[in-house]
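Structural characterization, general
Each chain is listed here by its residues.
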Amino acid sequence: MRLRKRYSEASAPGKVVLFGEHFVVYGSPAILAAIDRRVHAKVRVSSGEEITILSGQKLGGSAGSGRIIKTQNGPEPKQLLEPLVECAKAVLSERGYKIGLNIELNSYFPMGVGLGSSAACCVAITAAVDSLFHQPTKKWICMKATESERRIHHDSSGADCNICTYGGIMYFTKGNGFKRIRVEKDLPLALLNTKETHSTGELVSSVKNYKDSNYPAFRGLAGSSKIISQKALNAIKHSDYRGVGGLMNQNQTLLQEIGVSSRKIQRLIDLCLKKGAWGAKLTGAGGGGCVISLFPPDKHSTFFRWIENNLKTCEPFPLKIDYEGALIH
Ligand code: PMV
């Protein structure tokens, strides 16, 4: 395939897991939603064969040919940047090219807090690099990005790359892929950041350890997670927000049981529930990261103002769903 341009830009949204995180790795369903905050990747062909990644704001440094040149603050920049260099290389090799690239990444949401930043980076880089050659399909972007994301999170379910590529809300199982969930309006959700960063890989391994040493208990919890996600699918479709909230609380209990909640997560959840939220839970791998809470729709703005005033340090924002997924600009 021939190089058709020397510069391209693509972006992909972050995501929240509304239901079923961790258990999705073992075949139970999960419900995910793309959020209206994105990672942008700008790719420029350079001379030589080096691939350099430069990142702004929250991402952590620059890397060349798999070798980290410089890192800034940010969680585990080396572990993230090296796989992203590999992600760009994998696309080039698929197109039969060995060329130099300067990649600039900008994330408009915090990374390492369960909002799918690594998947969004893989999707945006895959889309941007491939669009140097042609107009890639979402199916291909998702497949290649998932392979790359597995270099970051070895046991990843693949759910994150799917939602970051296609956008919207979806019901996902590892075996059957995703089904889009159509909703009339956005769920009245707010997002709070504990500011405790986490490593998805480490949390996924700790859950594996839990499963290996408590298999009967784990099987029971995975069964409950499956039922919760199935009921949630119905409740979301019918805009039964009180029902969705109650199921979020049940889901959180399972996540506590497998040891991925934290004191700070629990404190934020308790505060939201005390203030009248119908449900609240961690989202993503846990061990810190973000909390989502669902408030009665007629009180959403009042509660949101309260959160903004009282939990400012948690950088709250109302969740809006992104329906576009990966975009080539
Ligand atoms: O915290 P995040 O955004 O990396 O989400 C991880 C979700 C898990 O279910 C824990 C893992 C997975 O691959 O689905």
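Parameters and conventions
- Residues numbered from 1 in each chain as written.
- Predicted model: local features only at pLDDT ≥ 70, side-chain atom pairs only at ≥ 80, totals over all residues.
- Heavy atoms only, no water.
- Core = buried A, V, L, I, M, F, W, Y, C linked by side-chain atoms within 4.5 Å.
- Buried < 20%, exposed > 50% of the residue type's maximum accessible area, 1.4 Å probe, protein only.
- Domains from an automatic or database assignment.
- Phe/Tyr/Trp six-rings, centres within 6.5 Å; stacked < 30°, edge-to-face > 60°.
- Helix = DSSP H or I, 4+ residues; strand = E, 2+ residues; numbered from the N terminus.
- Contact = heavy atoms within 4.5 Å.
- Buried area = accessible area lost by both parts, 1.4 Å probe.
- Salt bridge = Lys/Arg side-chain N within 4 Å of Asp/Glu carboxyl O.
- Polar contact = N/O pair within 3.5 Å; in protein donor to acceptor, adjacent residues only side chain to side chain.
- Pairing = 2+ DSSP bridges.
- Axes fitted to C-alpha atoms, helices over the stretch in contact; angles between N-to-C directions.

1. A look at the nonpolar core
Ranked by size, the top nonpolar core spans 106 residues in total, and within it Leu18, Phe19, Ile31, Leu101 and Ile125 carry the most contacts. Mapped onto the domain boundaries, this core takes at least three residues apiece from domain 1 (7-182 + 324-328) and domain 2 (189-319).

2. A short note on the packing of aromatic side chains
Inspection of every chain in the model, using the stated rule, returns six aromatic pairs. Here tyrosine 166 and phenylalanine 178 contribute two aromatic rings whose centre-to-centre distance is 4.8 Å and whose plane-to-plane angle is 45°, an arrangement assigned as tilted. With tyrosine 166 in helix 4 (residues 159-166) and phenylalanine 178 in strand 8 (residues 177-181), this pair connects stretches of sequence that are twelve residues apart. By the ring-pair criterion, three or more aromatic residues cluster together here, those being Phe23, Tyr26, Tyr210 and Phe218.

3. Looking at the domain arrangement of the chain
The domain boundaries assigned to the chain delineate domain 1 (7-182 + 324-328) and domain 2 (189-319). For domain 1 and domain 2, the distance between their C-alpha centres works out to 24 Å. Taken together, the contact between domain 1 and domain 2 spans 28 residues of the former and 46 residues of the latter. Carbon and sulfur atoms make up 71% of the area that domain 1 and domain 2 hide from each other, which totals about 3,000 Å². A per-residue breakdown of the area domain 1 buries against domain 2 is headed by Phe19, His22 and Phe23, which together make up 25% of the total. Joining domain 1 to domain 2, the criterion identifies one salt bridge. At the surface where domain 1 touches domain 2, the tally comes to ten residue pairs in polar contact (both at pLDDT 80 or more). When contributions to the side of domain 1 that touches domain 2 are tallied by element, the ones reaching two or more residues are strand 1 (7-19) and strand 2 (30-46).

4. Observations concerning the pairing of strand 11 (residues 290-294)
Consecutive side chains of a regular strand alternate in pointing toward one face of the sheet and then the other. Burial runs high along strand 11: five of the five residues are buried. Strand direction decides the pairing type here: strand 9 (residues 189-193) and strand 11, joined by five bridges, are antiparallel. Each bridged residue has a counterpart across the sheet, and for leucine 189 the counterpart in strand 11 is leucine 294. Here five bridges tie strand 10 (residues 279-283) to strand 11, and the two strands are oriented antiparallel to one another. Within strand 11, the residue paired with threonine 283 across the bridge is cysteine 290. Linkage of strand 10 to strand 11, two consecutive antiparallel strands, is achieved through a turn of six residues, within which glycine 284 is found at a positive phi near 90°.

5. Considering the environment of phenylalanine 109
Mapped onto the elements of the fold, phenylalanine 109 is located in the loop between strand 6 (100-107) and helix 2 (117-130). You can call phenylalanine 109 buried: its relative accessible area is 2%. Measuring from C-alpha to C-alpha, the distance between phenylalanine 109 and glutamine 266 comes to 22 Å, with 157 residues separating the pair along the chain.

6. Thoughts on the sheet that holds strand 9
What the four strands build is an open sheet, ordered 10-11-9-12; its pairing is antiparallel. Edge strands, defined here as strands with exactly one partner in the open sheet, are strand 10 and strand 12 (317-318). Packing of helix 9 (residues 300-310) onto the sheet brings it into contact with strand 9 and strand 12, and relative to strand 9 it is tilted by some 10°.

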